[in-house]
Structures are given as structure tokens and as C-alpha cells.
Amino acid sequence: MRIVFIGPPGAGKGTQAERIIAKYATAHLSTGDMLRAARDAKTEVGVKAEKYMSSGQLVPDEVVIDVISERLQQPDCQKGYLLDGFPRTIAQAEALDAMLAQKQTPLDVVLELKVPEEELFKRLAGRGRADDKPEVIRERLVAYTKQTSPLLDYYGKKRLLKSVDGLGSIDGIFAEIETILDKYV
Ligand code: ADP
């Protein structure tokens with residue numbers, strides 16, 4: 001099963017991603033985790049990404065696209081994966097489409113976790129990660145609205161989009177996700 005998981009920062013994607021991975025035994029490809037690991041290891045990618053991440057901006061498309069295209073070659077991705085935090089721009093989505101067309105492995109479903117903005121701000125302010133300072137949070141929400149939310153339309157037109165209400169209990173939200181994903185197993 002090949003899944004794209006979309007949602008604004010603070011929607012609870014990380015929590016639900018863990019459950020999806022556990023139940024469906026699929027590879028978890030989180031560009032946020034990969035970029036943080038690269039940054040901490042001070043690799044070339046990490047050094048390039050650092051200034052964008054710390055200010056809440058998106059890392060340039062070509063950097064992230066390279067990271068993902070390499071990751072998709074790995075053996076653990078051949079049976080499927082959950083893409084978490086990628087694509088985040090139309091250019092990234094188009095690059096992904098091109099990669100998957102070449103491999104003849106189309107996406108099965110794009111899951112959106114939907115949470116209203118005022119709730120996101122509350123949640124993020126309480127989380128305390130280094131990029132969770134108020135001005136950085138604001139910047140990340142702006143990046144989501146401007147650059148990532150157009151993907152909802154992009155995947156909606158391809159009939160791949162399924163939206164889940166991200167307000168409610170962790171179990172309740174996961175139950176909704178299961179109802180959707182069980183159709184693709
Ligand atoms: P969030 O907690 O906002 O969902 P992530 O952990 O997914 O954020 O990503 C953290 C940061 O890494 C982002 O704010 C951005 O700078 C960078 N990043 C992650 N994925 C991408 C991507 N697909 N394109 C560009 N930048 C990205």
C-alpha cells in the first residue's frame with residue numbers, strides 16, 4: 001500500500017503515522033525526521049536544510065526530492081510506504097508522480113488529517129520543540145496554507161484524496177483511518 005499523509009503542523013500526523021505503521025507494517029518515510037537526522041549529523045543536506053527548518057520555511061524542493069528519490073530505492077519501500085510530510089508543494093507532488101510513473105507504482109490513497117487553525121496554534125504552542133517558537137509556528141502554518149494546501153485540490157482531482165477529522169480522541173481518529181485504509185490492503 002502506498003499512502004501519502006497530509007496535514008498541517010500539529011494535526012497529530014506523527015501519532016497516527018505510528019499507528020498506521022504498526023497495523024499495516026509499511027515503511028515510514030518522514031521527511032521531517034530525515035531532515036532532522038541530516039541536520040544533527042551535519043551532512044551536506046542537513047547543512048543546507050538547517051536555516052529553512054529553524055525559521056519554519058520549507059526546505060528547497062530539489063533538496064527534499066533528492067532525499068525521497070534515494071529513499072524510495074531502498075528494499076523496505078518495495079512493498080509500500082507511508083509518505084509523511086512529503087510532498088509539501090505542487091512541484092514535489094509532480095516530481096513524485098514522475099518517479100512513481102517510471103516505477104509503475106501509483107499511489108493508492110492520499111489521507112488528509114484536518115484540524116482547524118486555532119486548534120493547531122494551541123497544540124503547537126504546548127509542544128516545546130526547538131522549531132515551535134511562536135513566530136516559527138506562524139511561519140510553518142503560513143507555509144502549509146500557501147504551499148501545501150493546494151495539494152488537496154491536486155489529489156482531489158485525481159480522486160485519491162480521503163479526509164479524516166483530526167479533532168477527537170486518538171483512538172477515534174485512528175478508527176476512521178482504519179476504515180479508509182482497510183479497503184486498500
Ligand atoms: P511538522 O511538525 O510541521 O509537520 P515536519 O517534522 O514534517 O514538520 O518537518 C519539519 C521541517 O522540515 C519543516 O518545517 C520544513 O522546514 C522541513 N521539511 C519537512 N518536509 C519537507 C518537505 N517535503 N519540503 C520542504 N521542507 C520540508
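Everything below is about the structure shown above.
First, a word on scope: everything that follows refers to the structure included in this document.

A look at the site of the ligand
- Around the ligand there are 17 residues in total, and T31, R36, Q57, G85 and Q92 lie nearest to it.
- One of the backbone nitrogen or oxygen atoms of V59 is found 3.0 Å away from a nitrogen atom of the ligand.
- Relative to its unbound accessible surface of 560 Å², the ligand loses 95% to contact with the protein.
- Considering each element in turn, the shell around the ligand owes the most residues, four residues, to helix α2 (residues 31-41).
- Classifying every residue of the shell around the ligand by side-chain character gives seven nonpolar, five polar and five charged.

Thoughts on the pairing of strand β3 (residues 81-84)
- Side-chain alternation along β3 places Y81 and L83 on one buried face and L82 and D84 on a second face that is also buried.
- Relative to β3, strand β1 (residues 2-6) runs parallel, the two being bridged by four bridges. Among the inter-strand pairings, F5 is bridged to a residue of β3, identified as D84.
- Judged from the four bridges that link them, strand β2 (residues 27-30) and β3 form a sheet pairing that is parallel. Pairing of L29 across the sheet is with L83, part of β3.

Focus on helix α3 (residues 44-55)
- Within α3 the residues assigned to the buried category are G46, A49 and M53. Summarising the axial view, the buried residues of α3 lie within an arc of 75 degrees, below the 170-degree limit, and thus occupy one face. Set apart from the buried face of α3 by more than 90 degrees, the exposed residues are E44, V47 and K51.
- For α3, the elements touching its buried residues are α2 and α7 (134-148).
- Once α3 ends, the next one or two residues include G56, with phi positive near 85 degrees.

Procedures and definitions
Residues numbered from 1 in each chain as written. Predicted model: local features only at pLDDT ≥ 70, side-chain atom pairs only at ≥ 80, totals over all residues. Heavy atoms only, no water. Near = heavy atom within 4 Å. Polar contact = N/O pair within 3.5 Å; in protein donor to acceptor, adjacent residues only side chain to side chain. Areas by Shrake-Rupley, 256 points an atom, 1.4 Å probe, with all protein chains shown as cover. Helix = DSSP H or I, 4+ residues; strand = E, 2+ residues; numbered from the N terminus. Nonpolar A, V, L, I, M, F, W, Y, C, P; charged D, E, K, R; others polar. Buried < 20%, exposed > 50% of the residue type's maximum accessible area, 1.4 Å probe, protein only. Pairing = 2+ DSSP bridges. Arc of directions from axis to C-beta. Contact = heavy atoms within 4.5 Å.

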